[in-house]
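What follows is the residue order along each chain.
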Amino acid sequence: MSNYKRIFLNGYSYFITVVTHRRNPILIKNIELLREAFRESKKKYSYTIDAIVIMPDHLHMIITPKEAEEYSKIVSFVKRYFSRQCDPRYYAHLNQSNSRWRRGLKPIWQKRFFEHTIRNDVDMRETLQYMYHNPVKHGYVQDPKEWTYSSFLP
C-alpha cells in the first residue's frame, strides 16, 4: 500500500473523482438518491460545489470546503449515505472479496477517491475544461452541452 498523504489547505478548492465499484453504471439510474446524499452532506458540512459532472460510473467535482480537513469527510458522507439507501438490485450481482462482505461493505464504491488541489486560475480552467468534456470523452454525447447530469448547463 502506498504512503499517499492528502493535502489540506484552507481557502483552496479540490478536484475530486469518485468511482463506483468495478465501474458499475448505477449513478445516473440513482441520480435523485445521489442528489439527496449531497443535500444531506451540506447540512453537516460547510462547502460549495463549484462544478460537478455525474457519469454512470463515476463523478467529478470541484468543491471548496470551509475547513479543508473536511473534504474527505464530505466524500465519505456522500458515499456512505448513498450506500445505505441504494437498492440492492443495483449492486447485488457484483462479486467482492470475502473480507469486504465480512465487514458489511456493499460493492458500490471504490475504496479510495482521487483528489487534486486546485493551485491557481489556470489549473481551475484546465480542470473545468476536463470535466466539461468528460461526457464526450466517454462517448455519451457528441456535444458537452447535451449532457444533463452536469453543472455546465447552457
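Provided above is the structure to which this section pertains.
Here the structure is a predicted model, which is why all the values come from computation and not from measurement.

## Some points on the side chain of Thr-127
Part 1: Relative to the elements of secondary structure, Thr-127 occurs in helix H4 (residues 121-137).
Part 2: A polar atom in the side chain of Thr-127 sits 2.8 Å from the backbone oxygen of Asp-123.
Part 3: Setting aside residues up to four positions removed in sequence, Thr-127 forms contacts with Phe-15, Ile-62 and Ile-118.

## Here we look at the environment of Ile-31
Part 1: Mapped onto the elements of the fold, Ile-31 is located in helix H1 (residues 31-44).
Part 2: Along the sequence, Ile-31 and Pro-56 sit 25 residues apart, while their C-alpha atoms lie 9.3 Å from each other.
Part 3: In contact with Ile-31, not counting residues within four places along its chain, are Ile-54 and Tyr-149.

## Remarks on the sheet that holds strand E3 (residues 58-65)
Part 1: Here four strands make up an open sheet; going across it, the order is E2-E3-E1-E4 and the pairing antiparallel. A strand with exactly one partner marks an edge of an open sheet, and here the two such strands are strand E2 (47-54) and strand E4 (114-117). The mean angle between the axes of side-by-side strands here comes to 20°, regardless of whether they run parallel or antiparallel.
Part 2: Judged from the six bridges that link them, strand E1 (residues 14-19) and E3 form a sheet pairing that is antiparallel. Across the sheet, residue Phe-15 finds its bridge partner in E3, namely Ile-62.
Part 3: Sheet strands touched by H1: E2 and E3. Its angle to E2, the strand with the most contacts, is close to 165°.
Part 4: In the packing of H4 onto the sheet, contacts are made with E1, E2, E3 and E4, and the angle to E3 comes to roughly 150°.

About the criteria used
- Residues numbered from 1 in each chain as written.
- Predicted model: local features only at pLDDT ≥ 70, side-chain atom pairs only at ≥ 80, totals over all residues.
- Heavy atoms only, no water.
- Helix = DSSP H or I, 4+ residues; strand = E, 2+ residues; numbered from the N terminus.
- Polar contact = N/O pair within 3.5 Å; in protein donor to acceptor, adjacent residues only side chain to side chain.
- Contact = heavy atoms within 4.5 Å.
- Pairing = 2+ DSSP bridges.
- Axes fitted to C-alpha atoms, helices over the stretch in contact; angles between N-to-C directions.

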